[in-house]
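# Structural overview
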Amino acid sequence: MIVNYNSNGWELITQRAHGLLAAQLAAQWRHRDRTERWIETLMAIAEHDDAQTELEQDTLLTPQGGPLDFRMKKFDLNHCIRTGERSLSKSRYIALLCSMHLDFVFGKNCAGHAEGIQFLKAQQRLRAQWRKELEMTKDQAEFDYHLLEWCDALSLLLCQEDSQPEERRIEISGGPDHRPYVMMKSSSNILTVEPWPFEHPEFEVYVETRTLSKLCFKNDNEFRRVFVTSPVKTKRWNFKKI
């Protein structure tokens, strides 16, 4: 769950909604770079966080009673296992990209977690097996994954409202071509990316959000009740090549 605080209270965006936004960005990427398994690539990008089902989790609140932002969570082995199982039920290719993402996110964060280290080592062996079965080179897999990671990074910047004022640039990530990309917001609130990596010169993306005016909750159950009854709003961003 992505948690922002504003004058109306807590603005909440689920991990699954963030994944859908990432897929919208991927769908706009220049067509000449589309992967051989383009539909599966889009599905992997959209669903890379699908194992994060917030209302099914046990810990939803901070010690002070506020919603728990995803950056405050620690390594969760069960989440990693669910991600692997769900992605593999779709295809080995989707499982490959999701496994690479788990390694990117948690590879350096599970020190001291013996089961976590064992899980990631097993995933490394599986990735080699899947690449062989899919007849993919490691470079091909890295290219496809870096598109996922780039779209994930830009989606997070949007969801976390991390665009800079006064037309200052903010780094997104290195794309599949290993070039550095930056985002900038104009005085009219139009966003652009340099260099421009998208097929069309202008487009719109969106995500659904919930705003909770109540700031502190007694327990997870109270939070769940307020969350499911809160109105849903659509947040939109316009991108334009300059």
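Residues numbered from 1 in each chain as written. Predicted model: local features only at pLDDT ≥ 70, side-chain atom pairs only at ≥ 80, totals over all residues. Heavy atoms only, no water.

The next subject is the pattern of salt bridges. Within this structure, the stated rule accounts for 11 salt bridges. Where Asp177 meets Arg30, a salt bridge forms, and the shortest distance between an N and an O atom there is 2.9 Å. Residue Asp177 is located in the loop between strand E3 (170-174) and strand E4 (180-185), and its partner Arg30 is located in the loop between helix H1 (15-27) and helix H2 (38-47); the two are separated by 147 residues in the primary sequence. For Asp177, a relative accessible area of 26% puts it in the partly exposed group. Arg30 gets classed as buried once you look at its relative accessible area, which sits at 9%. Between Arg71 and Asp69 there is a salt bridge; the shortest N-O distance is 2.7 Å. Because the salt bridges share partners, they merge into one network encompassing Glu11, Glu161 and Lys235. (Salt bridge = Lys/Arg side-chain N within 4 Å of Asp/Glu carboxyl O. Helix = DSSP H or I, 4+ residues; strand = E, 2+ residues; numbered from the N terminus. Buried < 20%, exposed > 50% of the residue type's maximum accessible area, 1.4 Å probe, protein only.)

With that out of the way, let us pick up the pairing of E4. Two strands pair when backbone bridges link them, and E3 and E4 are joined in this way by 3 bridges, in the antiparallel orientation. The residue of E4 that forms the bridge with Gly174 is Pro180. Here E3 folds back onto E4, and the loop between the two strands holds 5 residues, one of which, His178, carries a positive phi near 65°. Hairpin connection, E4 to strand E5 (residues 191-194): the antiparallel pair is bridged by 5 residues, and Asn189 has positive phi, about 70°. (Pairing = 2+ DSSP bridges.)

It is worth spelling out the environment of Asn6 at this point. For Asn6, the location among the structural elements is in strand E1 (residues 2-6). A relative accessible area of 25% places Asn6 in the partly exposed class. Measuring from C-alpha to C-alpha, the distance between Asn6 and Thr211 comes to 9.2 Å, with 205 residues separating the pair along the chain. A polar contact of 2.8 Å, which involves the side chain of Asn6, links it to the backbone nitrogen of Asn8. (Polar contact = N/O pair within 3.5 Å; in protein donor to acceptor, adjacent residues only side chain to side chain.)

Our next topic: the nonpolar core. Counting 49 residues, the largest nonpolar core has Trp150, Leu154, Leu158, Ile172, Met183 and Phe239 as the members making the most contacts within it. The element best represented in this core is helix H6 (residues 138-159), accounting for 12 residues. The residues touching Trp150, leaving out its near neighbours within four places in the chain, are Trp29, Ile172, Ser173, Gly174, Gly175, Tyr181, Val193, Pro197 and Phe198. Core analysis: the next-biggest nonpolar cluster, separate from the first, contains 10 residues, Met1, Val3, Trp10 and Phe217 among them. (Core = buried A, V, L, I, M, F, W, Y, C linked by side-chain atoms within 4.5 Å. Contact = heavy atoms within 4.5 Å.)

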